[in-house]
Amino acid sequence: MKSVTLKPGKEIPIKYRHHWIFSGAVKSAQGIEEGEIVKVFTFNGDLLGHGYFNSKSIIQVRMLNYNNEDPIESLKNNILRAFTLRTQLFDENTNCYRIINGEGDNLSGLIVDRYNDVLVLQIATVGMDKLKEVLVETLREACVKLNIKIVSIYEKSTMTARFKDGLEYFEGTLWGEEKNDIEVKESGLKFFIDLRNSQKTGLFLDMREMRKLVGVMAKDKKLLNCFSYTGGFSLHAAKGGAKRVDSIDIAEDAVETAKKNFEINGFLDKEGLESNFYAQDAFVFLRENDLSMYDFIILDPPAFAKKKQDVERAKKGYAEINRTTLRQMNKGSYLLTCSCSYHLPREEFEKVVARAAVEAGKNITILQRHRLGMDHPINAFHSEIDYLKSLLLYVY
C-alpha cells in the first residue's frame, strides 16, 4: 500500500479524528492513483491511519480509519454499525431514513438512504466511487443480517460536488430490479417518490423533525408552505389539524406529486381542510399576494450560497424573502424560516433574519432552532457537515 506523509504539525487534526487532509498539509505523495487507498504518516513516520487519495481535490486525503486495521474492514464495520443504529431509531410507521451520513458515520463521500425496499446511494468522491462494488456487497449483507427486505440498490449521484473530484454525474440501478415509483411512510404519512425525477435522493429526509414539529403546531391554523416540493410540511400540517394548507413550488411536477400525496393520505377531501396548490415562483407569490390571512408561514428555499463566493448575495436573498414575508404577517403568527446554504453560518443567518424583522417593522422571538434527525448524525470530531439552519419564530 502506498503512503502519504504530512508536513510537521499537520497531523494534529487527524489525531483528533478529523476526516480531511488538505493539499497544503501533504509533504509527499508519490505515484498514487486518484482514489487509491493509502497509509497516512506523520512527518516523523508514525502511522495515523488509512484514507483515499485524490490529487485533483483540495481535500487530498479522506480518512477511512485511524489505526492499523484493514481499511476495507473498517468501511464494512462502519456500514453495518450505521445501518444497525438506524433500525433502532424507527418503527413500522417510518420506512424512509438515512443509513449513511458521510462523515457523520465515518464514511466521507458517501450517502445512503432507505426508501422502503430500495436503497439509494450518493457518491461524491472518486475514492468511494472506486469502492462501489464493496459498498453494494456490504449493504446487501447488512440487509440480510438485519432482516430488511431490499429489492433494489440505486445510485443517484447527480450533485455538482462530483466535478471537484473529477467525476461526472451517474444515475442507475447497481443491483436488483429496476424500480422508479416508490411509496414510503414517514410518521404514518404516505409519500410517493418518482425516483429518477426527484431531488436529492428522493425526499428531504433531513427536515423530518421540523415537519413533525409543524404538524404538532398546525391545529386550526391557516398555513402557507413556500418551496413546498412534494408537500412534506403540508402533509404534516394537514395531519395535525390545519384548517387551510396552501403549497407553492415553481416545479409543476413537484406540485402534482404534492397533490398525489394529499390524495393517497385522504386529505384532498378531508372535512374541515381547504388545500390549494400553486405551481409558481414563491418570491413572486410572496410579493403579489395578501399574506395576512395566514397564521403560519414556512420558508424552506433551496440553497442560496452553493459556494463561498455566493455568501453575500445569499444574505441579500434571505433578507429579501424574510422581510417581504414578515412585513405582511399578523401579530401572534408563526414563521418557520430555513437555510440549507452550507457556507452561511448559523449566526449570520440569524442576524440576517433579525435585521429583516426590524426592517419589516415586526418583533420576533426564536421558539426553536433546527431539530436534528437522529439518522443524520454529526461527527463530534468533524462538525462541518452541520449546515442546516431552521428558526421557528413567533411574530409579535
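Rules and cut-offs
- Residues numbered from 1 in each chain as written.
- Predicted model: local features only at pLDDT ≥ 70, side-chain atom pairs only at ≥ 80, totals over all residues.
- Heavy atoms only, no water.
- Buried < 20%, exposed > 50% of the residue type's maximum accessible area, 1.4 Å probe, protein only.
- Helix = DSSP H or I, 4+ residues; strand = E, 2+ residues; numbered from the N terminus.
- Axes fitted to C-alpha atoms, helices over the stretch in contact; angles between N-to-C directions.
- Parallel < 35°, antiparallel > 145°, perpendicular 65-115°, else oblique.
- Left-handed = near helix turned anticlockwise from the far one by under 90°.
- Contact = heavy atoms within 4.5 Å.
- Nonpolar A, V, L, I, M, F, W, Y, C, P; charged D, E, K, R; others polar.
- Polar contact = N/O pair within 3.5 Å; in protein donor to acceptor, adjacent residues only side chain to side chain.
- 1 Å grid on protein atoms, 1.4 Å probe; cavity = no way out; pocket = protein on both sides within 12 Å on 5 of 7 lines; lining within 4 Å.
- Points joined across faces, edges and corners; volume = space filled by probe spheres on them.
- Pairing = 2+ DSSP bridges.
- Right-handed = clockwise from strand over helix to strand, strands pointing away.
- Core = buried A, V, L, I, M, F, W, Y, C linked by side-chain atoms within 4.5 Å.

## Re helix H6 (residues 208-217)
Three or four residues apart is the spacing at which side chains of an α-helix point the same way, because the helix has 3.6 residues per turn.
Argument step 1. Along H6, eight of the 10 residues are buried, which leaves the element largely enclosed by surrounding structure.
Argument step 2. Listing the buried residues of H6 in full gives Arg208, Glu209, Met210, Arg211, Leu213, Val214, Gly215 and Met217.

## Re the packing of helix H10 (residues 311-328) against helix H11 (residues 346-359)
Argument step 1. Between H10 and H11, whose axes approach to 8 Å, the crossing angle comes to 40 degrees. If you check the angle between H10 and H11, you find them oblique. Handedness of the H10/H11 crossing: right-handed. On the side of H10, the interface is formed by Lys315, Tyr318, Ala319, Asn322, Arg323, Leu326 and Arg327, while H11 contributes Glu348, Phe349, Val352, Val353, Ala356, Ala357 and Glu359.
Argument step 2. Classifying every residue of the contact of H10 with H11 gives eight nonpolar, one polar and five charged.

## Describing the environment of Glu171
Argument step 1. Considering the arrangement of structural elements, one finds Glu171 in strand E11 (residues 170-176).
Argument step 2. Each C-alpha atom of the pair Glu171 and Ala161 lies 15 Å from the other, and the pair is 10 residues apart in sequence.
Argument step 3. Setting aside anything within four residues of it in sequence, one finds Glu171 in contact with Tyr154, Glu155, Lys156, Thr158, Leu195 and Arg196.
Argument step 4. Reaching out from Glu171, the side chain makes a polar contact with the side chain of Tyr154 at a distance of 2.9 Å.

## Brief notes about the packing of H6 against helix H7 (residues 232-239)
Argument step 1. At a minimum axis distance of 7 Å, the contact between H6 and H7 shows a crossing angle of 35 degrees. With respect to the hand of their crossing, H6 and H7 are arranged in right-handed fashion. Contact residues: Met210, Arg211, Lys212, Val214 and Gly215 in H6; Gly232, Phe233, His236 and Ala237 in H7.
Argument step 2. A breakdown of the residues in the contact of H6 with H7 according to their chemical character gives four nonpolar, three polar and two charged.

## Considerations on empty space enclosed by the protein
Argument step 1. Evaluated as defined, the whole model comprises one cavity of 30 Å³ or more.
Argument step 2. If you go around the largest cavity, the residues you meet are Tyr52, Phe53, Asn54, Ile59, Gln60, Val61, Arg62 and Asp165.
Argument step 3. Elements supplying a minimum of two residues to the lining of the largest cavity: strand E5 (47-53) and strand E6 (59-65).
Argument step 4. In terms of residues, the lining of the largest cavity owes the most to one element, E6, which gives four residues.
Argument step 5. Residues belonging to the lining of the largest cavity are distributed by class as follows: four nonpolar, two polar and two charged.

## A short note on the pairing of strand E18 (residues 333-339)
Argument step 1. Within E18, seven of the seven residues are buried, which leaves it mostly tucked inside the rest of the structure.
Argument step 2. Residues Ser333, Leu335, Thr337 and Ser339 line one face of E18 and the alternating positions Tyr334, Leu336 and Cys338 line the opposite face, and both faces are buried.
Argument step 3. Judged from the four bridges that link them, strand E17 (residues 296-299) and E18 form a sheet pairing that is parallel. Bridging across to E18, Ile298 finds its partner in Leu336.
Argument step 4. This β-α-β element, E17 to H10 to E18, shows right-handed connectivity.
Argument step 5. In the sheet, E18 pairs with strand E20 (residues 389-395) via seven bridges, with the strands oriented antiparallel. Looking at E20, one finds that Cys338 is bridged to Ser390.

## Let's talk about the pairing of strand E9 (residues 118-123)
Argument step 1. Counting buried residues along E9, six of its six residues qualify, which places the element largely inside the surrounding structure.
Argument step 2. A two-sided burial pattern is seen for E9, the buried positions comprising Val118, Val120 and Gln122 on one face and Leu119, Leu121 and Ile123 on the other.
Argument step 3. Relative to E9, strand E8 (residues 110-115) runs antiparallel, the two sharing six bridges. The partner of Val112 across the bridge, within E9, is Leu121.
Argument step 4. When E9 meets strand E10 (residues 152-157), the two strands line up parallel, connected through four bridges.

## Some words on the nonpolar core
Argument step 1. Membership of the largest hydrophobic core comes to 39 residues, with the highest contact counts inside it found for Tyr115, Val184, Leu203, Val214, Phe262, Phe296 and Leu336.
Argument step 2. Only E9, strand E12 (181-186), strand E13 (189-194), H6, H7, helix H8 (252-264), E17 and E18 provide two or more residues apiece to this core.
Argument step 3. Beyond its immediate sequence surroundings of up to four residues, Val184 is in contact with Asn95, Cys96, Tyr115, Asn116, Leu189, Lys190, Phe191, Ile193 and Leu203.
Argument step 4. Residues Leu291, Tyr318, Phe349 and Ala360 belong to the second largest nonpolar core, which totals 30 residues.

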